[in-house]
Amino acid sequence: MSSHRTALVWFRRDLRLADNPALLFAHANASRILPIFIYSPEEEGSWPPGAASRWWLHHSLLSLSSSLEQRGSRLVLQRGDTLATLRALIKTSGATLVTWNRLYEPASIARDKRIKAALAEDGFEVASHNAALLIEPWTLHNAQGQPYRVFTPFWRLAETRLSAIPAPAPAPKRLDNPDTAGQGTGMRTVCLNELELLPRIAWDTGLAANWTPGEAGALRQLQQFSNAASDYELLRNRPDRPGTSRLSPYLHFGELGPRQILAQLQIGGATAAAENSLATFRRELGWREFAHHLLFHFPQTAEQPMDPRFNELRWRDDTGLLRAWQLGQTGYPIVDAGMRELWHTGWMHNRVRMIVASLLTKNLQTHWLKGARWFWDTLVDADLANNSLGWQWTAGCGADAAPYYRIFNPVLQAEKFDPQRTYIRRWVPQLAALPDKWIVQPWAAPAEVLAAAKVELGKTYPLPIVDLKHSRAAALAAYTATRE
Ligand code: FAD
């Protein structure tokens, strides 16, 4: 540790103390550390954090603040232009080193490059690190030297690199910042409530009941998942069971890094089922890596289809249909269950994300960006790379996407993946008394069955907003036309 040197650690979406390379770098190179977070949504291009993300961020900052205090430090919160704020903090704290962990969204990359150049020009040492990914996007390319567009070869190569990834580092035990060293920064810290991240109308009770944002919550969730990870292969497609890790928001906010997940899961039983589950789970983390690879190399894909033929597609612009989808009032129970789970908890099971996205983009012929924007506002794990990949994959217009003619049938999907209909009954209680056969397609149920279950279609539960067969044919015709 070099003495009398102050480092500024600029926290962004790496809201943890363990395995945080920027923090460790500062710890190794300075005797005093000033941890800061600057809220500047204007600098995130057209994707500033949505309402659910802001809720998460509020609680995550609270958690980070208290972890820092436990180590003798204090988080400095600021609001406003990042470069100007950094410069002011450097001046008042006397810092000579500024360090952070990298982000991969186009607007953040542009901003960070600008800041790095400006601070280096000012004469300060600036160092950025990788906290968020197993393998950074520019380190992998195919035999032609080009970025990957197909997942399987991407992951085949990426997997060979996993063994070289260093073991995660523990959190520093003590962190002295200029304030605790008796050298105030002279700058007023903004208080968390001033950032106004929480909703004015309290719609967030479902989020609070389902999640504990912050590093401690992340580690608990990882521990819980690692106890059950051997069933991942068996249960991961079942929205009715807690079969997946639910680590996505923790990963997005960097309260946990993928290196920590891999290290934790390597310990454990070595049955064939466990091995298989582990390989499948790693592959899902691989999809996250692939999504970041794509967004880095093809930054336009946050708003433009990867496959340019889809620019020709004429989407429908029916706000009534979009609203019905958003509110979980489509008349398709598995879709409505998913949309209501999303609204209530800020999360939706991956299988159901594909089903609802397919209905919106194919049967309702609504632009995938409208779905992506709704997810962006309502998901606690809203992530530009993963969300863009997920929507383009389902709409069929992305890299390595589902073929355009693949249209999920919500009835068959519900029968297959919600075998006891527990998921639908949980989220669409208006239909709970219908027998298994009819609850997936209430419009087809005999009148006496509906009456016995006290279901009045059009009153207690909507009739389908679109006919599956006709809309499927119309979507196929429209998609086929883009290929001619
Ligand atoms: P697990 O199955 O436990 O997987 C572990 C981790 O791997 C996840 O936390 C996630 O980080 C990553 N992962 C898993 N599946 C995928 C995938 N298909 N693509 C990229 N990464 C994946 N994921 C987000 O994190 N943010 C989003 O905004 C997002 N939007 C999506 C939109 C659509 C239309 C679709 C189809 C998928 C989207 N996904 C998104 C991917 C996936 O649905 C979620 O990552 C997953 O459901 C999170 O739950 P989990 O943590 O329990 O997943």
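Up top you'll find the structure we're talking about.
Rules and cut-offs
- Residues numbered from 1 in each chain as written.
- Predicted model: local features only at pLDDT ≥ 70, side-chain atom pairs only at ≥ 80, totals over all residues.
- Heavy atoms only, no water.
- Helix = DSSP H or I, 4+ residues; strand = E, 2+ residues; numbered from the N terminus.
- Rg over C-alpha atoms; globule rule 2.2 N^0.38 Å.
- Buried < 20%, exposed > 50% of the residue type's maximum accessible area, 1.4 Å probe, protein only.
- Contact = heavy atoms within 4.5 Å.
- Areas by Shrake-Rupley, 256 points an atom, 1.4 Å probe, with all protein chains shown as cover.
- Lys, Arg positive; Asp, Glu negative; His and termini not counted.
- Charge placed at Lys NZ, Arg CZ, Asp CG, Glu CD.
- Pairing = 2+ DSSP bridges.
- Right-handed = clockwise from strand over helix to strand, strands pointing away.
- 1 Å grid on protein atoms, 1.4 Å probe; cavity = no way out; pocket = protein on both sides within 12 Å on 5 of 7 lines; lining within 4 Å.
- Points joined across faces, edges and corners; volume = space filled by probe spheres on them.
- Nonpolar A, V, L, I, M, F, W, Y, C, P; charged D, E, K, R; others polar.

Caption draft 1: Region of interest: the overall build of the protein. The secondary structure content of the protein amounts to 21 helices and five strands. For 484 residues, the compact-globule formula gives about 23 Å, and the C-alpha radius of gyration of the protein, at 24 Å, lands near that figure. For the protein, the spread of C-alpha atoms along the principal axes amounts to about 80 × 50 × 50 Å. The buried share among the 484 residues of the protein stands at 55%. Long-range contacts, defined as pairs at least 24 residues apart, comprise 80% of the intrachain contacts of the protein with a sequence gap of at least 6. When the accessible area of the protein is evaluated, it comes to approximately 20500 Å², of which 53% is carbon and sulfur surface. On the protein, the mean spot of the 53 positive side-chain charges and the mean spot of the 45 negative ones are 2 Å from each other.

Caption draft 2: Layout of the pairing of strand β3 (residues 76-79). The pairing of strand β2 (residues 32-39) with β3 spans four bridges and is classified as parallel. Residue pairing for β3: Ile38 is matched across the bridge by Gln78. With helix α2 (residues 51-70) bridging β2 and its parallel neighbour β3, the resulting β-α-β unit is right-handed.

Caption draft 3: Looking closely at the layout of surface pockets. The space that makes up the largest pocket amounts to roughly 1200 Å³. Elements represented by at least two residues in the lining of the largest pocket include exactly α9 (248-252), α11 (272-297), α14 (350-363) and α16 (384-395). Per element, the largest residue contribution to the lining of the largest pocket is eight residues, and it comes from α11. For the lining of the largest pocket, the class distribution of residues is 17 nonpolar, twelve polar and ten charged.

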